[in-house]
Amino acid sequence: MSSELIKFTDARDMCKSFGGTLYTLKTPEKLTILKNVSVHFIPNIWVGLHDMVTEDVFQWVDDGSIVSDSWRKVIFAPGEPNSFNGDEDCVMYSPAYSALVDSAW
């Protein structure tokens, strides 16, 4: 994890340059790991999820798979994703909510 504040696309590209990917949490266990690790960080953490291709259709960056409606209800904070101002296409883990939120950058 980097403590540097950067845009989603820059974070994605940085991970790719090291042969990796942004963190994907496709299982309850991976969500628990993120919650446990994030207690040591104050800022939000980019995860490998976005709806840049089609609004409100969230895809994982590692394989392009789509997040099911039932899993969305588990991983997102209440009221999220909300695409505030119509331009929130990237997803962060928010330690304040212990859940995912969508973000503009």
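Before reading on, note that the structure itself is shown above.
Analysis parameters
- Residues numbered from 1 in each chain as written.
- Predicted model: local features only at pLDDT ≥ 70, side-chain atom pairs only at ≥ 80, totals over all residues.
- Heavy atoms only, no water.
- Helix = DSSP H or I, 4+ residues; strand = E, 2+ residues; numbered from the N terminus.
- Rg over C-alpha atoms; globule rule 2.2 N^0.38 Å.
- Buried < 20%, exposed > 50% of the residue type's maximum accessible area, 1.4 Å probe, protein only.
- Contact = heavy atoms within 4.5 Å.
- Areas by Shrake-Rupley, 256 points an atom, 1.4 Å probe, with all protein chains shown as cover.
- Lys, Arg positive; Asp, Glu negative; His and termini not counted.
- Charge placed at Lys NZ, Arg CZ, Asp CG, Glu CD.
- Pairing = 2+ DSSP bridges.
- Axes fitted to C-alpha atoms, helices over the stretch in contact; angles between N-to-C directions.
- Salt bridge = Lys/Arg side-chain N within 4 Å of Asp/Glu carboxyl O.
- Core = buried A, V, L, I, M, F, W, Y, C linked by side-chain atoms within 4.5 Å.

As for the overall build of the protein
Helices and strands together make up the secondary structure of the protein, namely 3 helices and 4 strands. Listed by position from the N terminus, the elements making up the protein come as α-α-β-β-α-β-β. On C-alpha atoms alone, the protein measures out to a radius of gyration of 13 Å, which is about the 13 Å that the 2.2 N^0.38 rule sets for 105 residues. Dimensions along the principal axes, computed over C-alpha positions, put the protein at roughly 30 × 25 × 25 Å. Evaluated residue by residue, the protein yields a buried proportion of 36% over its 105 residues. In the protein, the share of contacts with a sequence separation of at least 24, taken over all contacts with a separation of at least 6, comes to 53%. With the model as given, the accessible surface of the protein reaches about 6200 Å², and the carbon-plus-sulfur share is 56%. For the protein, the distance from the average position of its 8 positive side-chain charges to the average position of its 15 negative side-chain charges is 5 Å.

Some words on the sheet that holds strand E4 (residues 99-103)
Across the sheet, 4 strands lie side by side as E2-E1-E3-E4; this open sheet has antiparallel pairing. Both outer strands of the open sheet, strand E2 (57-60) and E4, are each paired with one neighbouring strand and no more. Neighbour-to-neighbour, the strand axes of this sheet turn through a mean angle of 40°, independent of strand direction. Across the sheet, helix H1 (residues 8-17) touches strand E1 (45-54) and strand E3 (90-94), and the angle it forms with E1 is around 110°.

Concerning the pattern of salt bridges
Taken as a whole, this structure holds 4 salt bridges when the rule is applied. The closest approach of N and O atoms between Arg12 and Asp13, which form a salt bridge, is 3.2 Å. Arg12 sits in the partly exposed class, given a relative accessible area of 23%. Put simply, Lys26 and Asp63 hold a salt bridge, and the shortest N to O gap is 2.9 Å. Residue Lys26 is located in the loop between H1 and helix H2 (28-38), and its partner Asp63 is located in the loop between E2 and helix H3 (69-75); the two are separated by 37 residues in the primary sequence. Here the salt bridges share partners, and the residues they tie into one network are Lys26, Asp62 and Asp63.

Considering the nonpolar core
Counting 15 residues, the largest nonpolar core has Leu25, Val47, Leu49, Ile75 and Leu100 as its most contacted members. Of all the secondary-structure elements, those providing two or more residues to this core are H2, E1, E2, H3 and E3. Here the element with the most residues in this core is E1; it accounts for 3 residues. In this structure Val47 touches Phe8, Leu22, Tyr23, Leu25, Leu34, Val91, Met92, Tyr93 and Leu100, once residues within four positions along its chain are discounted. One finds Ile6, Leu22, Trp46 and Met92 within the second-largest nonpolar core, a separate group that totals 10 residues.

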